[in-house]
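Letter by letter, the chains look like this.
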Amino acid sequence: MAIRTTSTHSTLLLAFLMIFLTTFSSPAFAQLSVSYYGSTCPSVFDTVRAATRLAINRETRMGASILRLFFHDCFVDGCNGGILLAGGERDAPASINTARGFDVIDNIKRQVDTACGGSVVSCADVLAISARDSIVELGGKSYSVPLGRRDTRTPNLDAARSDLPSPFDPLNVLIDKFSRKGFNAKEMVALSGAHTVGQAQCSSFRNRIYNDTNIDPDFAATRRANCPRTVGDSNLAPLDPQGQARFCNNHFQTLVNRNGLLSSDQALFNGGSTDSIVRTYSNDANAFLTDFKNAMVKMGNLSPLTGNQGEIRTSCQRVN
Ligand code: HEM
Ligand SMILES: *[C@@H]1O[C@H](CO)[C@@H](O)[C@H](O)[C@H]1NC(C)=O
């Protein structure tokens, strides 16, 4: 009798387990995995790393540009390659005329396809790996990149308009936009440390250097020299004067010195609730690099398409 009860229990348990598994292994719950292409494209990591290194050796800034593409991809309906499509999300205000690196990602994807004898790796995965490799190449901490994301056929321009932060957003809006994606203020500040590398155009920081009051006057004067009031919209300045090509915590020291280039950067250190986080990171490179890495892993998990959702795009800039 006792034995019978136990076996009834285990049968029931098994039945529940099976219902649970069939319910929750639907694509929305499917897990990404580092070995996803283990049999179909075993050299994907090596190929992306080599190609990313080459692109960065050719132009250091490309590492920053690829990292930004990944951020803009993941923040709009998840990491689904939507940012890469011509005529879609990348035409939203946050990306148009500023997002770059599309041809480089296309080129890396072609190399992966050649190495693996067909189009089996998604553009979303290529971008996720290349962003990680860019961070490492520029001096950041490495992390593992689980794979299995599929590419969207339906880019979401409206979401790109509403969900991506603007350089003119005040702190409460920045906090809100990141919290909608599951990031707290500390993670947001850590992620913003990406602005240690890369550059911005005059049109992104003109208002700040002519109108903001929370800016070091000498710094503003220096930046005005190459960003006139009415012309030179695309003139470049480093997001961080000390960093630019090396991934470190310089950006936070820059903010403490009121040398933030974007109004949204300085908003993180402007007498508000995030000041203490900025100060902590400005004094502790290791804390920043670790928190940044962990937040990047989290970003890479934002609602991917999996299973048979979406597609594996052949050319990253258009649907199949
Ligand atoms: C906190 C809100 C953020 C705002 C408002 C913002 C805004 C901007 C703007 C306006 C630019 C310059 C674009 C241009 O003028 O060409 C830029 C560049 C950049 N952003 Fe952000 N960003 C934010 C967060 C992030 C995050 C979370 C990442 C990555 C984790 C990131 C990575 C980058 C990189 C690497 C660049 C330089 C790109 C290049 O040189 O091509 N940003 N960002
Ligand atoms: C400074 O602010 C004023 C008032 O908002 C605005 O009209 C002007 O265009 C701004 N100047 C720059 C250079 O952005």
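On a predicted model such as this, the values are computed, not experimentally measured, just so you know. (Residues numbered from 1 in each chain as written. Chains lettered and ligands numbered in written order. Predicted model: local features only at pLDDT ≥ 70, side-chain atom pairs only at ≥ 80, totals over all residues. Heavy atoms only, no water.)

Moving on to the site of ligand 2. Around ligand 2, the surrounding shell consists of Arg206, Asn207, Tyr210 and Asn211. Separating an oxygen atom of ligand 2 from a side-chain N or O atom of Asn211 is a distance of 2.2 Å. For ligand 2, whose accessible area on its own is 360 Å², the fraction buried by protein is 39%. Of the residues assigned to the shell around ligand 2, the class counts are one nonpolar, two polar and one charged. (Near = heavy atom within 4 Å. Polar contact = N/O pair within 3.5 Å; in protein donor to acceptor, adjacent residues only side chain to side chain. Areas by Shrake-Rupley, 256 points an atom, 1.4 Å probe, with all protein chains shown as cover. Nonpolar A, V, L, I, M, F, W, Y, C, P; charged D, E, K, R; others polar.)

Summed over all chains, the structure comprises 15 salt bridges. Across the pair Asp125 and Arg149 runs a salt bridge whose closest N-O atoms are separated by 2.7 Å. Taken together, the positions of Asp125 in helix 5 (residues 123-137) and Arg149 in the loop between helix 5 and helix 6 (157-163) put the pair 24 residues apart, joining distant regions of the chain. You'll find Asp125 and Arg149 in the same group, each marked buried. The closest approach of N and O atoms between Arg132 and Asp133, which form a salt bridge, is 2.7 Å. Both residues of the pair, Arg132 and Asp133, belong to the buried class. (Salt bridge = Lys/Arg side-chain N within 4 Å of Asp/Glu carboxyl O. Helix = DSSP H or I, 4+ residues; strand = E, 2+ residues; numbered from the N terminus. Buried < 20%, exposed > 50% of the residue type's maximum accessible area, 1.4 Å probe, protein only.)

Exactly one protein atom donates to the iron atom of ligand 1; that atom is His195 (NE2), 2.0 Å from the metal. Within the element layout of this structure, His195 appears in the loop between helix 8 (185-192) and strand 1 (199-201). (Donors = N, O, S within 2.8 Å, 3.2 Å for Na, K, Ca; no water.)

Another point: the packing of aromatic side chains. Counted according to the given criterion, the structure contains twelve aromatic pairs. Arranged with centres 5.3 Å apart and planes meeting at 50°, the rings of Phe252 and Tyr281 form a pair that is tilted. Taken as a pair, Phe252 in helix 11 (residues 250-256) and Tyr281 in helix 13 (residues 275-283) lie far apart in primary sequence, 29 residues in all. A relative accessible area of 1% places Tyr281 in the buried class. For the pair Tyr281 and Phe288, a centre-to-centre distance of 6.0 Å together with 65° between the ring planes defines the contact as edge-to-face. Taken together, the ring pairs connect Phe247, Phe252, Tyr281, Phe288 and Phe292 into an aromatic cluster. Directly above the aromatic system of Phe102 lies the positively charged group of Arg90, at a separation of 3.9 Å from the ring centroid. When the ring centre of Phe75 is taken as origin, the NZ or CZ atom of Lys181, which lies over that ring, is 6.0 Å away. (Phe/Tyr/Trp six-rings, centres within 6.5 Å; stacked < 30°, edge-to-face > 60°. Lys NZ or Arg CZ within 6 Å of the ring centre and 35° of its normal.)

Let us look at the side chain of Thr152. Here Thr152 is to be found in the loop between helix 5 and helix 6. Residue Thr152 is classed as buried on the basis of its relative accessible area of 3%. In terms of polar contacts, Thr152 uses its side chain to reach the backbone amide nitrogen of Thr154, at 2.9 Å. Once residues within four sequence positions are removed from consideration, Thr152 is found in contact with Asn80, Gly82, Leu85, Leu305, Arg313 and Val319. (Contact = heavy atoms within 4.5 Å.)

UniProt tags His195 as "binding site: heme b" (unreviewed entry). On the basis of relative accessible area, His195 is assigned to the partly exposed category, the value being 24%. When sequence neighbours within four positions are dropped, the list of residues in contact with His195 reads Leu239, Asp240, His251, Leu262 and Asp265. (UniProt positions renumbered as here; feature names shortened; annotations may be inferred.)

Turning to the state of the cysteines, a few remarks are in order. Inspection of the entire model under this criterion finds four disulfides. Between the sulfur of Cys41 and that of Cys116 lies a disulfide, 1.9 Å long from S to S. Handedness of the Cys41-Cys116 disulfide follows from its S-S torsion of about 70°: it is right-handed. On the criterion of sequence distance, the pair formed by Cys41 in the loop between helix 1 (2-24) and helix 2 (44-58) and Cys116 in helix 4 (residues 102-116) is long-range, its members being 75 residues apart. Owing to a relative accessible area of 1%, Cys41 belongs among the buried residues under this scheme. One disulfide bridge connects Cys74 with Cys79, the sulfur atoms lying 2.2 Å from each other. (Disulfide = S-S within 2.5 Å.)

This part is about the packing of helix 7 (residues 171-179) against helix 8. At a closest axis distance of 9 Å, the pairing of helix 7 and helix 8 adopts a crossing angle of 100°. Comparing the axis directions of helix 7 and helix 8 gives the class roughly perpendicular. From helix 7, Leu171, Leu174, Ile175 and Phe178 reach across to helix 8, where they touch Ala185, Met188 and Leu191. When grouped by side-chain class, the residues that make up the contact of helix 7 with helix 8 number seven nonpolar, no polar and no charged. (Axes fitted to C-alpha atoms, helices over the stretch in contact; angles between N-to-C directions. Parallel < 35°, antiparallel > 145°, perpendicular 65-115°, else oblique.)

We now examine the site of ligand 1. Near ligand 1, the surroundings consist of 25 residues, among which Arg61, Ser65, His195, Gln201 and Ser204 are the closest. In this structure, Ser65 approaches ligand 1 through a side-chain N or O atom, which is 2.6 Å from an oxygen atom. Between ligand 1 and His195 there is a distance of 2.8 Å, counted from a nitrogen atom to a side-chain nitrogen or oxygen. When residues of the shell around ligand 1 are traced back to their parent elements, those giving at least two are helix 3 (61-74), helix 7, helix 8 and strand 1. Among the elements that take part in the shell around ligand 1, helix 3 stands out by supplying five residues, more than any other.

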